[in-house]
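# Coordinate inspection notes
Residue strings, one per chain:
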Amino acid sequence: MFKFLLLVMLVGTSCASTKKSASGIPEGWTSLFDGKTLNNWRPSENPGTFSVDSGMIIVHGPRAHLFYEGPVMDHNFKNFEFKALVKTTPGSNSGIFIHTAFQENGWPSKGYEIQVNNSHTDWIRTGSLYGFQNVREVFVKDNEWFTEKVIVNAHKVTAMINDKIVMEYTEPTDIDQLPDRKERRLGSGTFALQGHDPNSKVYYKDIMVKPLKN
């Protein structure tokens, strides 16, 4: 009887593993990028900055931002885990905006930017909550893929690089009383990838999200 139960458990485990590997997406996560097109993503002022090749979003060109406007959570996320595989090139600069909204021109005024920058002249490095909790240390090299994860839960933002926590930020409870923070704050919104300048070239793939309970 014990051998039979053990065999059933092993078979069940094998089937579960096969199902997971067939989808390529971990349980609880949802892909935001189909790997072939920019469907469900909306570019701002310079659409040519963004292209797709070999399962990657390539960000290379004048300043622009690519906003997710797809059906997942009606592109309005509050508490979540977001992750992507990212590769920078020497001297490049980019970013992942959270709790933001489409904006035709300029730097997004709503939400926060999680920095993507390993060697640009700007010293604020990958994993920073740009302008609020800055990281000076470089954790990954250019021309190498790494995982960048952003976790938002209530008033806390956490950034992880290759599963290592590099930044934690808790939003002040008195934020309503702080000047110029009506838009630059946590609330809810979508994601955006940043095209910083024509000399920057950054790659993104396996972009996905796992909503957390509000």
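The text that follows walks through the structure, step by step, so that each part is easy to find. (Residues numbered from 1 in each chain as written. Predicted model: local features only at pLDDT ≥ 70, side-chain atom pairs only at ≥ 80, totals over all residues. Heavy atoms only, no water.)

What follows is about the nonpolar core. Membership of the largest hydrophobic core comes to 40 residues, with the highest contact counts inside it found for Leu32, Ile98, Ile114, Val157, Met167, Tyr204 and Ile207. With residues up to four places along the chain from it excluded, the contact list for leucine 32 reads Trp41, Tyr68, Val72, Phe77, Phe82, Phe191, Ile207, Met208 and Val209. (Core = buried A, V, L, I, M, F, W, Y, C linked by side-chain atoms within 4.5 Å. Buried < 20%, exposed > 50% of the residue type's maximum accessible area, 1.4 Å probe, protein only. Contact = heavy atoms within 4.5 Å.)

In this structure the tally under the stated criterion is eleven aromatic pairs. Residues phenylalanine 80 and phenylalanine 191 carry aromatic rings whose centres are separated by 4.9 Å and whose planes lie at 90 degrees to one another, so their mutual orientation is edge-to-face. With phenylalanine 80 in strand β6 (residues 80-88) and phenylalanine 191 in strand β12 (residues 190-195), this residue pair connects regions lying 111 residues apart in the sequence. You can call phenylalanine 80 buried: its relative accessible area is 0%. Under the relative-accessibility criterion, phenylalanine 191 is labelled buried at 1%. (Phe/Tyr/Trp six-rings, centres within 6.5 Å; stacked < 30°, edge-to-face > 60°. Helix = DSSP H or I, 4+ residues; strand = E, 2+ residues; numbered from the N terminus.)

The subject of this paragraph is the sheet that holds strand β2 (residues 41-43). With respect to topology, five strands assemble into an open sheet ordered β2-β5-β12-β7-β8, the strand pairing being antiparallel. Each end of this open sheet is capped by a strand with a single partner; those strands are β2 and β8 (112-116). Sheet twist, expressed as the mean angle between neighbouring strand axes with direction ignored, is 20 degrees. Alignment of β2 against strand β5 (residues 64-68), held across three bridges, turns out to be antiparallel. Paired with proline 43 across the two strands is leucine 66, which belongs to β5. (Pairing = 2+ DSSP bridges. Axes fitted to C-alpha atoms, helices over the stretch in contact; angles between N-to-C directions.)

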